[in-house]
Every structure is written in C-alpha cells, then in structure tokens.
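# Structural overview for review
Chain by chain, the residues:
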2 protein chains.
Amino acid sequence: MKTVNIAIMGFGNIGVGTYRGLEINHDAIAAKTGLDLKVAKIIELDIDRPREANPDRALFTTDRFEAFRDPSIDIVAELIGGIEPATTFMSEAMKHGKHVVTANKAALAANYERLTGEAEEAGVLFRFEAAVGGGIPVINAIETSLRSNQIDEVTGILNGTTNFILTQMTRAGRSYADVLKEAQEKGFAEADPTADVEGIDAANKLSILISLCFGDRVKVEEIPTIGISGVTPDDIAQAKAENKVVKLLAHAAKEDGEIICSVAPARIDANHPLAGVSDEFNAIYLKGNILGETMFYGKGAGPLPTGGAIIGDIIDIATRTK
Amino acid sequence: MKTVNIAIMGFGNIGVGTYRGLEINHDAIAAKTGLDLKVAKIIELDIDRPREANPDRALFTTDRFEAFRDPSIDIVAELIGGIEPATTFMSEAMKHGKHVVTANKAALAANYERLTGEAEEAGVLFRFEAAVGGGIPVINAIETSLRSNQIDEVTGILNGTTNFILTQMTRAGRSYADVLKEAQEKGFAEADPTADVEGIDAANKLSILISLCFGDRVKVEEIPTIGISGVTPDDIAQAKAENKVVKLLAHAAKEDGEIICSVAPARIDANHPLAGVSDEFNAIYLKGNILGETMFYGKGAGPLPTGGAIIGDIIDIATRTK
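These numbers were taken from a predicted model, which means no experiment stands behind them.

### Let's talk about the overall build of chain A
For chain A, the helix and strand inventory stands at 11 helices and 11 strands. Against the compact-globule benchmark of 20 Å for 322 residues, chain A has a radius of gyration of 20 Å, which places it among compact chains. Considering only C-alpha atoms, chain A reaches an extent of 60 × 45 × 35 Å along its principal axes. Residues counted as buried form 54% of the 322 residues belonging to chain A. When contacts within chain A are restricted to residue pairs at least 6 apart in sequence, those whose partners lie at least 24 apart make up 72%.

Here you go:
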C-alpha cells in the first residue's frame with residue numbers, strides 16, 4: 001500500500017465533492033489500486049463556513065506554502081476556480097515539486113501553454129480531466145487511447161445550464177426567460193447566469209479541447225461565441241418541424257491547416273447522437289481519422305461527478321509516479 | 001524519439017487495419033508522443049493471400065518464436081482471434097518478456113484470470129481495449145479515470161451486426177429473416193451468423209466487462225443469453241407504441257454482493273441515451289457511485305477502428321515503459 005498525500009486548495013463545492021468522494025470510495029480505491037489516498041491538508045481562507053463535509057480542523061491551513069513546502073505532500077488539487085490567483089498558485093505548487101490536478105477551465109483556457117510548460121519544466125504531472133465535461137473522462141481519452149488518431153473534428157454540448165434550459169424549452173414550448181427564472185429558483189442557474197447562457201463557459205472548455213485535439217491555441221476571445229438568450233420558442237418549433245433539435249454546440253475542426261471554431265445555438269438532426277443529450281447532461285462528439293465517430297456522455301457538473309474526475313486524475317498521477 | 005518494435009501476430013482484417021492505421025498516422029503519432037512505432041515482424045502462416053496492405057515480405061515469418069526470441073521486439077499484437085491457439089501464443093509471448101495487446105474477446109472471456117495473471121508474473125503489460133466495443137475507449141476509461149468510482153451497473157449494445165438488424169427492422173418494419181439476408185449479402189453479417197445473432201459475441205464482451213467493472217468472474221456459459229432471432233416486427237411495433245425501442249442489451253449489476261447479468265433483447269425508453277445508438281454502432285453505459293451515469297459511443301468493429309484501439313494500447317504501453 002502506497003500512501004498519497006493530497007492538499008485540497010479551495011474548499012468550496014468541488015473541494016467538498018472531492019473530499020466526500022474520497023471518503024466514500026477510499027477503501028474501494030485502495031483495494032483496486034493499492035493506493036491509500038489521504039487528504040493531508042486543506043488550504044482555505046474561510047474555515048468556518050458550513051459545508052457538507054466535516055474534516056478534522058487540524059487539516060486546514062490558510063497558508064498555501066505550509067502545504068507547498070511540506071515534503072510529504074505529493075499532489076495539490078487546485079479547486080479555487082477563476083483565472084487568478086489560481087494560476088499563480090498552481091505555478092507555485094509546481095515550482096515546489098508538487099503534481100497538480102485542477103478543475104479550473106478559466107485558468108486553463110487563459111494559461112494553457114504557461115501551465116503545461118511550467119509542469120514540464122518542473123518535472124511534475126499536470127492533469128485537468130474535470131475542467132471539460134466534469135465527470136466525463138474525455139480528456140484522458142484524448143490524451144491516451146485517441147492518440148492513435150488525428151482528430152478531425154470535435155463538437156460538444158459543454159454547458160449543463162444551457163442544455164437544461166433548451167431541453168425545458170423544447171419539451172414544454174416555454175420561453176427562455178420563463179425557464180431561466182425557474183432554473184435560478186431551483187439553483188440550476190446562477191443569479192448572474194451570463195457566463196453560462198452567453199456561451200463563455202462553453203468557449204473556455206472549447207479552447208482547452210482545441211489545444212488538446214489539434215495542438216493549436218485559440219484564445220477564448222477569438223472564438224466566435226453566441227449564447228442562447230436569443231433563442232425563441234419559435235426557433236425550437238421550426239427546428240422540430242424539420243425533425244431537428246436546437247442545442248448550444250461548441251464546435252471546432254481543422255480545415256486546410258486552419259482551425260474553424262464557434263460556440264452557437266445550432267439545429268442538429270434528431271438522429272444525431274448529440275440530439276439525445278438532454279437536461280443537464282454534457283457530451284463530447286469526436287471524429288478521428290481512423291476510429292471514426294465516437295461520443296462521450298455524462299454529468300458535466302456537480303460536486304461529486306467533478307470530484308470523481310479529480311480523484312481519477314489523482315489515481316492516474318499516483319500510478320504513473322509509483 | 002524512441003523506437004517501439006511491434007510484432008503483429010495474425011494478418012487478417014484486424015491485423016491489416018492495425019498495419020494501415022500505423023501507416024496513416026505514424027508521423028502524427030511520432031509528433032505527439034515522441035514514439036516511432038514500427039511493425040518489425042508479421043507472424044502469419046498465409047503470406048500470399050491478397051490483402052489491402054503490402055508490407056515488405058521480409059517482415060513476414062511463419063515462426064512465432066522468431067519474434068518472441070528477438071530481443072528487439074517490444075510488443076506482440078495478437079490478432080488471430082479464437083480461444084486457441086491464441087491463448088497459448090499470448091502466454092508464450094509474455095513468458096518471453098513481450099508486452100501483449102489483443103483484440104481477442106473469446107480468448108479473454110475464456111481465460112481472463114490466466115492471461116492477466118501470467119502478464120503480472122512475467123512483469124509485462126497486457127492491454128485489450130479492442131476486445132470490447134472495438135474503437136470505443138471504454139476499457140481504458142474503466143482502468144484509469146473510472147477507478148475513482150465503484151461501478152454499480154453496466155449496460156451495453158456490444159454487437160454491431162444485431163444492432164444493425166434491429167435498427168433496420170425498426171425503421172422499415174421488416175422481418176428478422178429478411179434483414180439478415182440483406183446484411184449477409186452486404187457483408188455486414190457472416191454466412192454463419194450464430195455467434196452474433198444468438199448473443200454469444202455480446203456475452204463474451206459482457207464477461208470481460210464484468211471482470212473489469214466488478215472484479216468478479218462470470219463465465220460466458222453462465223450468462224443467461226437470448227439472441228435476436230426470435231424478435232418479430234410485432235414486438236418492435238408494440239415497443240414503439242409505448243415510446244420504446246428494442247435493443248439487444250448486455251447488462252450486469254452488483255446487487256447485495258451478487259452479480260446479476262444477462263444478454264437479451266429488451267425494450268428501453270426512447271429517451272434513454274442507449275435508445276439513440278443505431279445501425280452498426282455500439283455503446284457502453286455505466287453507472288458509477290460518484291460519477292453517476294456515463295456513456296461511451298462509437299464504432300464497435302471494423303479494421304481501422306479496431307486497429308486504432310490496438311495502436312492506442314501500443315502507445316499506452318510504450319508511454320508507461322519509457
């Protein structure tokens with residue numbers, strides 16, 4: 001049995017989901033992998049906020065360097081979110097020789113080259129399965145199994161909030177404003193839903209997928225992005241009449257060496273595998289030059305699914321650095 | 001650049017697909033991974049059969065030990081198929097210190113413990129992504145990302161021929177015998193279609209998934225298996241009337257420590273993600289205790305997709321043994 005000491009940095013929803021996932025599956029993971037995954041530190045400024053997890057108070061620290069300088073810490077899971085200070089904190093952890101796992105799509109989309117480059121320089125592993133598609137193991141697939149392919153095209157339903165809203169509009173013929181209000185009341189959409197409904201969240205994730213699939217960088221600001229706030233019940237009814245479904249699609253393809261990409265509401269054929277991706281689910285559809293079409297489907301958000309992806313990355317790092 | 005010398009054992013459809021996949025993507029793989037993947041030997045009794053690939057005749061050998069005893073060979077790709085002599089040949093390759101990759105569901109379902117045990121004893125890696133779901137990277141996902149989960153349930157559409165037949169019966173209201181005949185004429189179904197249409201192929205794959213997902217062994221003969229030869233247009237019409245679709249489902253779940261499993265035609269809700277899996281496509285739907293539902297979709301057969309999975313495994317082994 002090999003003990004892996006983890007520092008969770010940021011104890012919000014995803015941090016708590018990761019902690020709980022480790023509580024629930026610690027013994028099953030140990031039996032399968034021979035790894036004793038242990039949360040050894042929790043780096044968090046607000047220790048007393050009520051949460052759905054009650055770690056020993058002795059694990060908490062407000063000083064990240066207490067974890068970065070501790071030679072027993074193997075992996076830092078960055079779960080703060082946002083571009084800064086998260087990027088700086090990840091850099092620091094790497095420079096201290098820590099492997100880093102993150103769920104942070106914004107930091108990655110903004111600083112993909114910097115972070116992957118710094119990990120290589122520092123000789124540490126850097127994993128970010130949770131940053132695209134939450135619990136869906138698509139990044140690992142692109143980084144391992146699908147490397148036998150040249151990827152020609154990637155199309156994703158990458159945002160659960162907008163997919164939930166469009167699904168409700170389609171099923172009940174309701175208006176965007178009406179469904180958004182309900183989603184906000186139920187906690188499925190944030191009070192300020194801009195990043196979701198205007199496609200910014202999906203564009204961040206698409207930027208990361210472009211880096212992975214094509215080895216090219218397209219900044220979020222350079223991706224033509226249209227959200228769903230202009231989609232009307234009429235648009236949806238017209239699509240339906242043509243046996244189509246309206247989805248917010250993030251799409252990228254390489255054509256004559258150029259990346260063509262966009263995030264926008266689009267009509268897709270009702271028989272396309274992405275058409276059946278409903279409610280808050282996400283999916284990523286890829287075309288490889290020898291595998292052909294493949295699709296990955298699952299929960300794109302939520303503390304436990306996202307925490308599960310974080311733990312999967314932790315296991316991957318621990319296995320590769322045995 | 002690290003050269004990886006591969007011996008392809010069995011140069012039928014999948015062997016040729018693997019060879020062609022390596023031809024097409026050799027340079028792209030080298031650029032991404034730093035690996036120079038080289039077919040160094042082809043072990044095959046029938047050298048002169050016409051094929052869709054023309055390797056240098058000097059690569060061919062009819063003597064497998066020429067490859068097994070060659071210290072420059074790193075990986076043997078077993079693509080003969082069938083339980084024997086393939087199992088014996090894989091054992092021999094492992095005992096000679098070769099890593100082994102296979103697409104052989106029958107050998108694996110029959111000899112899973114023996115082969116995984118022998119690989120461990122010999123200190124070599126053993127990979128079999130192509131054995132379940134062809135080009136769909138589900139085995140790698142279960143063996144890596146999804147290890148953060150306890151898998152509660154797995155349901156698959158694991159056989160392309162039967163899914164093609166059921167899709168045609170559903171779309172056109174045609175009879176089983178009628179569609180089967182057309183599928184045979186077009187080469188989608190074999191002259192003796194028993195292994196496919198009676199569910200045996202799917203049961204082999206389910207047995208492998210049970211080993212992987214639950215760490216338990218259920219032999220193919222112990223899986224209650226019903227094929228699709230008894231499915232009538234009436235069954236399909238009745239399902240349709242209830243907004244359901246008839247699919248050949250391979251299902252396994254762990255309930256109170258017991259494995260419940262079967263292969264049988266079943267009605268599933270038209271909104272279920274598996275319902276949209278049509279034609280020759282395959283999909284594997286899993287429920288994990290923290291990730292929730294996830295599904296993997298793609299081409300379950302074909303020389304290039306299956307070859308792509310073989311190459312993915314070769315890259316994985318080469319990366320882990322750098």
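### As for the confidence of the model for chain A
This prediction gives chain A a mean pLDDT of 96; 100% of its residues lie at or above 70. Overall fold confidence (pTM) sits at 0.96, and the ipTM for the predicted complex is 0.95.

### Some remarks on the relation of the copies chain B and chain A
Aligned on chain A, chain B shows an RMSD of 0.0 Å; the corresponding rotation is 180 degrees and the shift along the axis is 0.0 Å. Look at the turn and shift together and you get a two-fold axis relating the two. Rotation axis and chain B: the residue whose C-alpha lies nearest the axis is Phe 296 of chain B, separated from it by 2.4 Å. Most of the interface of chain B is mirrored in chain A, where 100% of its interface residues are also at the interface.

### A short note on the nonpolar core
What tends to happen in soluble globular proteins is that the nonpolar side chains get buried as a cluster. In this structure, Leu 206 and Ile 314 of chain A together with Leu 206 and Ile 314 of chain B are the most contacted members of the largest nonpolar core, which totals 212 residues. Excluding anything up to four places from it in sequence, Leu 206 of chain A contacts Gly 156, Leu 158, Ile 223, Ala 250, Ala 252, Cys 261 and Val 263 of chain A.

### Structural notes on helix H9 (residues 200-214) of chain A
Residues and elements named next belong to chain A. Relative to the 21 Å expected for 15 residues at 1.5 Å per residue, H9 spans 21 Å between its end C-alpha atoms, a close match to the ideal helical length. Most of H9 is tucked away: 11 of the 15 residues are buried. All of the buried residues along H9 are Asp 201, Ala 202, Ala 203, Asn 204, Lys 205, Leu 206, Ser 207, Leu 209, Ile 210, Cys 213 and Phe 214. The secondary structure elements touched by the buried residues of H9 are helix H4 (105-122), helix H5 (138-143), strand S7 (151-157), helix H8 (194-197), strand S8 (244-255) and strand S9 (258-269). Phi turns positive, to about 65 degrees, at Gly 215, one or two residues after H9.

### Here we look at the interface of chain B and chain A
Contacts between the two partners involve 45 residues from chain B, matched on the other side by 45 residues from chain A. Listing elements by their share of the side of chain B that touches chain A, those giving two or more residues are helix H1 (13-33), helix H5 (138-143), strand S11 (292-299) and helix H11 (303-320) of chain B. Top element by residues in the side of chain B that touches chain A is H11 of chain B. It accounts for nine residues. In terms of strand pairing, strand S11 (residues 292-299) of chain A meets S11 of chain B through five bridges, oriented antiparallel. Residue pairing across strands places Thr 294 of chain A opposite Gly 298 of chain B, the latter belonging to S11 of chain B.

### Here we look at the pairing of S7 of chain A
Residues and elements named next belong to chain A. Across the seven residues that make up S7, a large majority, five, are buried. Relative to strand S10 (residues 281-288), S7 runs antiparallel, the two sharing six bridges. Residue pairing in the sheet places Glu 153 in a bridge with Lys 287 of S10.

### A word on the domain arrangement of chain A
Residues and elements named next belong to chain A. Partitioning chain A into structural domains gives domain 1 (2-135 + 303-320) and domain 2 (142-299). When each unit is reduced to the centre of its C-alpha atoms, the spacing between domain 1 and domain 2 is 27 Å. Here the side of domain 1 that touches domain 2 takes six residues from H4, the largest share from any one element. Partitioned by chemical class, the residues of the side of domain 1 that touches domain 2 number seven nonpolar, three polar and two charged.

### Considerations on the sheet that holds S11 of chain B
Read across the open sheet, the 10 strands follow the order S9(A)-S8(A)-S7(A)-S10(A)-S11(A)-S11(B)-S10(B)-S7(B)-S8(B)-S9(B); overall the sheet is antiparallel. A strand with exactly one partner marks an edge of an open sheet, and here the two such strands are S9 of chain A together with strand S9 (258-269) of chain B. If you compare each strand with its neighbour and ignore which way they point, the axes differ by 15 degrees on average. Contacts from helix H6 (residues 160-172) of chain A reach S7, S8 and S10 of chain A within the one sheet, and its direction differs from that of S8 of chain A by about 140 degrees.

Thresholds, definitions, all that
Residues numbered from 1 in each chain as written. Chains lettered and ligands numbered in written order. Predicted model: local features only at pLDDT ≥ 70, side-chain atom pairs only at ≥ 80, totals over all residues. Helix = DSSP H or I, 4+ residues; strand = E, 2+ residues; numbered from the N terminus. Rg over C-alpha atoms; globule rule 2.2 N^0.38 Å. Buried ≥ 20, exposed ≤ 12 C-beta atoms within 10 Å, placed from the backbone. Contact = placed C-beta atoms within 7 Å. pLDDT = per-residue confidence, 0-100. Least-squares fit on C-alpha atoms with pLDDT ≥ 70 in both. Core = buried A, V, L, I, M, F, W, Y, C linked by C-beta atoms within 7 Å. Expected span 1.5 Å × (residues − 1). Pairing = 2+ DSSP bridges. Domains from an automatic or database assignment. Nonpolar A, V, L, I, M, F, W, Y, C, P; charged D, E, K, R; others polar. Axes fitted to C-alpha atoms, helices over the stretch in contact; angles between N-to-C directions.

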